[in-house]
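Single-letter residue listing:
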Amino acid sequence: MGEKIHLQTPLSNEDTKRLKVGDSVLLSGIIYTGRDMVHRRFMETIQKGGDLPFDVKGQVLFYVGPAPARPGYPIGSCGPTTSYRMDKFTPMLYEKGLRGTIGKGKRNQAVRDAIKRYQGAYFVATGGVAALLCKSIKSAKIIAYEDLAAEAVRELVVDNFPVTVGNDCYGGDIFEEGIKRFGGTSK
Amino acid sequence: MREIDAHKIKEIVTQLCMDANYCLPPDVGNALKNAQKHEKSMVGKTVFAEISTNQHIAQEEKLPLCQDCGTSVFLLDIGQDVHITGGDLSESINEGVKKGYREGYLRKSMVYDPVFTRANTGDNTPAVIHTEIVPGNKIKIVFCPKGGGCENMSALKMMTPADGIEGIKNFVVDFVKNASGNPCPPTIIGVGIGGTFEKVAFLAKKAVLRTPLGTSHPDKRYAQVERELLDEINNLGIGPMGFGGKITALAVHIETHPVHLAMMPVAINMNCHVARQRTVII
């Protein structure tokens, strides 16, 4: 905890090398959204040798399907979904230059290895506080797969979007470290 | 025979969908406030503070507490002296869901086909509706918008009588440990024991929805197991969102049912800290 780290997207490997598990980060700039079906389509596109809807180099991908915007709002409630469902597809995106992902819950070993190898980061946003998180989102527009409705790829402009470093490029994991620090005696 | 108009049910369901998604039940809010005092981890305290701020914003601005406005799950106790007039019960509930999710700016999360196209139905229907016929001339509707992240953290095991209470406890604690931060802790853990394959899953759902939160099983032996499981789970150190801490679960509820002499099925169903539900009696 302590000082909050301000980062502007796109991220460089200098940015991610500064990050350690448990750091509080405030992200600003453009981030992209994509979750379950988007990843399926990304993989199909890559397998066919096609281009993804945006160049992933240096970018941050947020696993979210936001609620619809009320009139006068840029977006509705907007918090993270559970990340492990994307694990199967994530290493190939880091390999293509994706620098960060935002979700909740732990990642598998293959994702952690990819984060280490390609000097990325995995950010955890607090789940279930989506009305609070949407206050850090200034604009939103769908840029691909509109048919997927809540799941479509959106470009979000965020201002000081609060996240915690879950996996850093040194192999650290917030979930393992948390249990080591706070796990009790029984079991 | 008391007559209840299907149109009235639709209007009530519309309101339920919105209210449940904007505002937590008071018992859940109080349990979170109380748990916050016992959290020792700094990052865990931050999560509790965010949860509290989120509740205020959601309620004041009528924004859903969570972007995942869930599968619309309904538990209906229908009095046997009720006659529903003017329409079809399931249809009136689904029409209420459509209207509530549209007018309430709630996320529509249902897809038509579970495997192939996974195209969104666009209105969060169909709802999952459970009905029981009970004595009386009223209808009790419990609505729970159930998030996908925590519903995924469910399990069912056909255990045997030889596994005993220790086997059950190990199954639950190991499962919660592996679920880690996935179901958005602090969670509520519902455990069903007994019945059959399909019955035990429903028992776990009823357990997770027990109100008021933290009410014990009427049998002292199971109440004791609820307390022991809660202690063991909170000693795992998973903490709020899995970041490490002392508060991993707010309550463990066990529901039991008589069972075949060869069997001891056990099911686990979890709810996230945004444990939304609303009840109306018509």
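The sections below set out a description of the structure shown in this document. (Residues numbered from 1 in each chain as written. Chains lettered and ligands numbered in written order. Predicted model: local features only at pLDDT ≥ 70, side-chain atom pairs only at ≥ 80, totals over all residues.)

1. Re the overall build of chain B
Alright, step 1. Tallying secondary structure elements over chain B gives eight helices and 10 strands in all.
Alright, step 2. A compact globule built from 282 residues would reach a C-alpha radius of gyration of about 19 Å, and chain B, at 19 Å, matches this within 12%.
Alright, step 3. Expressed along its principal axes, the backbone C-alpha trace of chain B runs to roughly 55 × 50 × 40 Å.
Alright, step 4. Counting the 282 residues in chain B, one finds 48% classified as buried.
Alright, step 5. A sequence separation of at least 24 residues applies to 83% of the contacts in chain B between residues at least 6 apart. (Helix = DSSP H or I, 4+ residues; strand = E, 2+ residues; numbered from the N terminus. Rg over C-alpha atoms; globule rule 2.2 N^0.38 Å. Buried ≥ 20, exposed ≤ 12 C-beta atoms within 10 Å, placed from the backbone. Contact = placed C-beta atoms within 7 Å.)

2. A look at the sheet that holds strand β2 (residues 71-79) of chain B
All names here are of chain B.
Alright, step 1. As summarised here, the arrangement of the four strands in space is β4-β2-β5-β10, forming an open sheet in which the pairing is mixed. One side of each edge strand has no neighbouring strand; the edge strands of this open sheet are β4 (128-134) and β10 (278-281). In this sheet, adjacent strand axes meet at a mean angle of 15° when their direction is disregarded.
Alright, step 2. Pairing of β2 with strand β5 (residues 139-146) involves eight bridges; the strand directions are antiparallel. (Pairing = 2+ DSSP bridges. Axes fitted to C-alpha atoms, helices over the stretch in contact; angles between N-to-C directions.)

3. A word on the nonpolar core
Alright, step 1. One finds F62(A), F123(A), C17(B), I188(B), I189(B) and V191(B) to be the most contacted residues of the largest nonpolar core, which totals 128 residues.
Alright, step 2. Here this core gets seven residues from one element, more than from any other, and that element is helix α1 (residues 6-22) of chain B.
Alright, step 3. Taken domain by domain, the makeup of this core includes at least three residues from each of domain 1 (2-20 + 65-146) and domain 2 (149-275) of chain B.
Alright, step 4. Residues contacting I189(B), with those up to four places away along its chain left out, are V176(B), I233(B), A249(B), V252(B), I268(B) and M270(B). (Core = buried A, V, L, I, M, F, W, Y, C linked by C-beta atoms within 7 Å. Domains from an automatic or database assignment.)

4. Structural notes on the sheet that holds strand β8 (residues 249-259) of chain B
All names here are of chain B.
Alright, step 1. The sheet built from four strands is open, its strands ordered β6-β9-β7-β8 with mixed pairing. Strand pairing shows two members of the sheet lacking a second neighbour, β6 (155-159) and β8, which therefore form its edges. Neighbouring strand axes in the sheet, compared pairwise and without regard to direction, differ in orientation by 15° on average.
Alright, step 2. Pairing of strand β7 (residues 187-195) with strand β9 (residues 264-271), which is carried by six bridges, proceeds in the antiparallel orientation. Across the sheet, I188 pairs through a bridge with N271, a residue of β9.
Alright, step 3. Across the face of the sheet, helix α8 (residues 220-234) comes into contact with β7 and β8 while running at roughly 140° to β8.

5. Things to note about the environment of D219(B)
Alright, step 1. Turning to its location among the elements, D219(B) is positioned in the loop between α7 (197-208) and α8.
Alright, step 2. Sequence separation of D219(B) and T256(B) is 37 residues, and the distance between their C-alpha atoms is 9.7 Å.

6. A few points about unusual backbone geometry
Working note: non-glycine residues mostly have negative phi, and peptide bonds are mostly trans.
Alright, step 1. Each neighbour pair has its own omega, and for T9(A) with P10(A) the value is -5°, a cis peptide bond.
Alright, step 2. Mapping P10(A) onto the fold places it in the loop between β1 (5-8) and α1 (13-17).
Alright, step 3. Cis geometry is adopted by the peptide bond preceding P212(B), which originates at T211(B) and carries an omega value of -15°.
Alright, step 4. Within the element layout of this structure, P212(B) appears in the loop between α7 and α8.
Alright, step 5. Of note in this structure, Y105(B) is not a glycine but carries a positive phi near 55°.
Alright, step 6. Note that Y105(B) resides in the loop between α4 (89-103) and β4.
Alright, step 7. Positive phi values are uncommon outside glycine, yet N124(B) reaches one of about 65°.
Alright, step 8. Residue classification places N124(B) among the buried residues on the basis of 24 C-beta atoms within 10 Å.

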